[in-house]
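The primary structure of each chain is shown beneath.
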Amino acid sequence: MWESDVPRLRALCGRERGTSLLMKKQCGSVEEVPTTGNAPVEVVSGDRITLDVEDHPFEVSFSPLGTTPPPPPPPPKLVFPTYNNTRMTAGPPSLHALKIALTQLRDKQPSEDARVFYNNGTHLFIYDAFPKSQFHMLGFCLRVAAATPSDLTTKDLEDVKTMHQIGHKIGKSIAPDVEWQVGYHATPSLHPLHCHVMSTDLSSSCMKNKKHYVSFVQPNFIPAQEIERRLESGQPVVRETDKADCGLRCRWCSTVLPNMPKLKTHLAICRPFDLKTV
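Residues numbered from 1 in each chain as written. Predicted model: local features only at pLDDT ≥ 70, side-chain atom pairs only at ≥ 80, totals over all residues. Heavy atoms only, no water.

**Observations regarding the sheet that holds strand β8 (residues 116–119)**
Note the following rule: We treat two strands as partners when DSSP finds at least two bridges between them. Numbering of helices and strands runs from the N terminus, with a helix taken as a DSSP run of H or I at least four residues long and a strand as a DSSP run of E at least two residues long. Helix axes are fitted only over the stretch in contact, all axes being lines through C-alpha atoms; the angle between N-to-C directions runs from 0 to 180 degrees.
Overall, antiparallel pairing links the 6 strands, which are arranged β8-β9-β10-β12-β11-β13 in an open sheet. Two strands close off the open sheet at either side, each with one partner strand: β8 and β13 (221–223). If you compare each strand with its neighbour and ignore which way they point, the axes differ by 30° on average. For strand β11 (residues 180–185) and β13, the ladder comprises 3 bridges, and the chain directions are antiparallel. Looking across to β13, one finds that His185 is bridged to Phe221.

This is the structure we're talking about:
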């Protein structure tokens, strides 16, 4: 036998006081009033419910008559600033100086800094000092200690998922008609762990050589959703096949080009980047 008074059952189900329904499948009783099948029985506050569960399986649902539970509140809308990377691209520091600056930004969580695009206290997005596309930022999980994608574990999954979601929202807020990618270098040259949030044009003046280009196309560039899938399945986050040399091959049509100038010319024709849509 299982007993409960109606107010307590209502409280456990998160409902307000009022006339309620008890639904059952097989057999049972409400104040010794038998019910059969899926017939509803009306009960009021103060009634006591007794269910006989020894011989008869049952299912119950409990809700106020004539009302519907309110939907959960929508998540708060993220508000992002206007993209303005002019200060970063005017005079980018050396790679060594940039590593020091990144460590300081990550640890101090500054509220105002020309390098910072967005900071919510747990995730930080900054302008890339050497942008390889027209739009390019770096995202950091401030609660994740990993130095590279290879160091990620399943306990980091939710934090990096949130970072990826914010990254995609940033892209849509800046230029909704432009194609974006969020992901990681298989072999990053910069620590701590960071993801790249960038448009896919790869047409920046900082895109100067084969090493730059290869690091931002698959397999060397691992998409965020693939990182999540590998973490969820317990697979190695970075594989040797992610480090393969794909050469100067167009990411869109797979045409192989002999050098960077011809590759950049080809990319502009194969998949034009229209700044008028921004």
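**Overview of the pattern of salt bridges**
Put simply, the test is: A carboxyl oxygen of Asp or Glu within 4 Å of a side-chain nitrogen of Lys or Arg is what we treat as a salt bridge. Working definition: with a 1.4 Å probe on protein chains only, accessible area under 20% of the residue-type maximum means buried, over 50% means exposed, and in between means partly exposed.
Applying the stated rule across the entire model yields 9 salt bridges. We note a salt bridge from Lys161 to Glu232, for which the minimum N-O separation is 2.8 Å. Of this pair, Lys161 sits in helix α4 (residues 157–174) while Glu232 sits in helix α6 (residues 224–233), and the two are 71 residues apart along the sequence. With relative accessibility at 48%, the residue Glu232 sits in the partly exposed group. Salt bridges here are not isolated pairs; linked through shared partners, they connect Glu226, Arg229, Arg230 and Asp242.

**Let's talk about the layout of surface pockets**
What counts, and what does not: A pocket here means an open set of points on a 1 Å grid, computed over the protein atoms alone, that has protein on both sides within 12 Å along at least five of seven lines. A cavity is instead a set of points where a 1.4 Å probe fits but cannot get out; residues with an atom within 4 Å of a point line either one. Grid points are joined across faces, edges and corners, and a volume is the space filled by probe spheres set on the points. Side-chain classes follow a simple rule in which Ala, Val, Leu, Ile, Met, Phe, Trp, Tyr, Cys and Pro form the nonpolar group, Asp, Glu, Lys and Arg form the charged group, and the remainder, Gly included, forms the polar group.
Considering only enclosed or pocket space, the largest pocket measures out at about 600 Å³ in volume. Considering the residues around the largest pocket, the lining is formed by 26 residues, among which His185, Ser189, Lys211, His212 and Ser215 are closest to the centre. Elements that contribute at least two residues to the lining of the largest pocket include exactly α3 (95–108) and α5 (210–214). Split into classes, the residues belonging to the lining of the largest pocket amount to 11 nonpolar, 9 polar and 6 charged. Contributing to the lining of the second largest pocket are 18 residues, with Trp180, Gln181, Val182, Thr200 and Gln225 lying nearest its centre.

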